[in-house]
Amino acid sequence: QVQLVESGGGSVQTGGSVRLSCAASGNIARIFGMGWYRQAPGEQRELVATTSSGITTHYADSVKGRFTISTNNVQNTVFLQMTNLKPEDTAVYYCKMSLFERGSTTSSTHWGQGTQVTVSS
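These lines cover the structure that appears in this document, whether it is placed above or below. (Residues numbered from 1 in each chain as written. Predicted model: local features only at pLDDT ≥ 70, side-chain atom pairs only at ≥ 80, totals over all residues. Heavy atoms only, no water.)

## Considering unusual backbone geometry
Here is step 1 of the chain: The backbone of Asn76 sits at a positive phi, close to 55°, despite the residue not being glycine.
Here is step 2 of the chain: Mapped onto the fold, Asn76 is located in the loop between strand 7 (67–72) and strand 8 (77–82).
Here is step 3 of the chain: On the basis of relative accessibility, which here comes to 21%, the residue Asn76 falls in the partly exposed class.
Here is step 4 of the chain: A positive phi is found at Asn84, a non-glycine position, where the angle reads about 45°.
Here is step 5 of the chain: Among the structural elements, Asn84 can be located in the loop between strand 8 and strand 9 (91–101). (Helix = DSSP H or I, 4+ residues; strand = E, 2+ residues; numbered from the N terminus. Buried < 20%, exposed > 50% of the residue type's maximum accessible area, 1.4 Å probe, protein only.)

Pasting the structure below:
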């Protein structure tokens, strides 16, 4: 079994900063992809940032230059540092990891429980 537990989030004013964390635990052999997604009310879930174990990164155009994704591969944790936040960043943020469990040759995808980030003007 694999679990992803998110922490961080909350309410901030425009221009503020928030750091999200997502730690994976369980029967993990290797994580090869980590990412953050968000979903605003009435909207579809969208990609925010992804990384392959911190080596390569990809950002949505709307967050480039403001958000930074990073990892602690020893602790199976992915972070999202968000700066210069805007009201349109308000959403529930979800982490996602793609990995191999021990004893399995098939990869699996797991999601965190989601954490709310609210940016007020």
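Let's pick the thread back up.
## Some words on the side chain of Thr51
Here is step 1 of the chain: If you trace the backbone, Thr51 turns up in strand 5 (residues 46–51).
Here is step 2 of the chain: Given a relative accessible area of 5%, Thr51 falls into the buried group.
Here is step 3 of the chain: Other than its neighbours up to four places away in sequence, Thr51 contacts Gly33, Met34, Thr56, Thr57, Ile69 and Thr71. (Contact = heavy atoms within 4.5 Å.)

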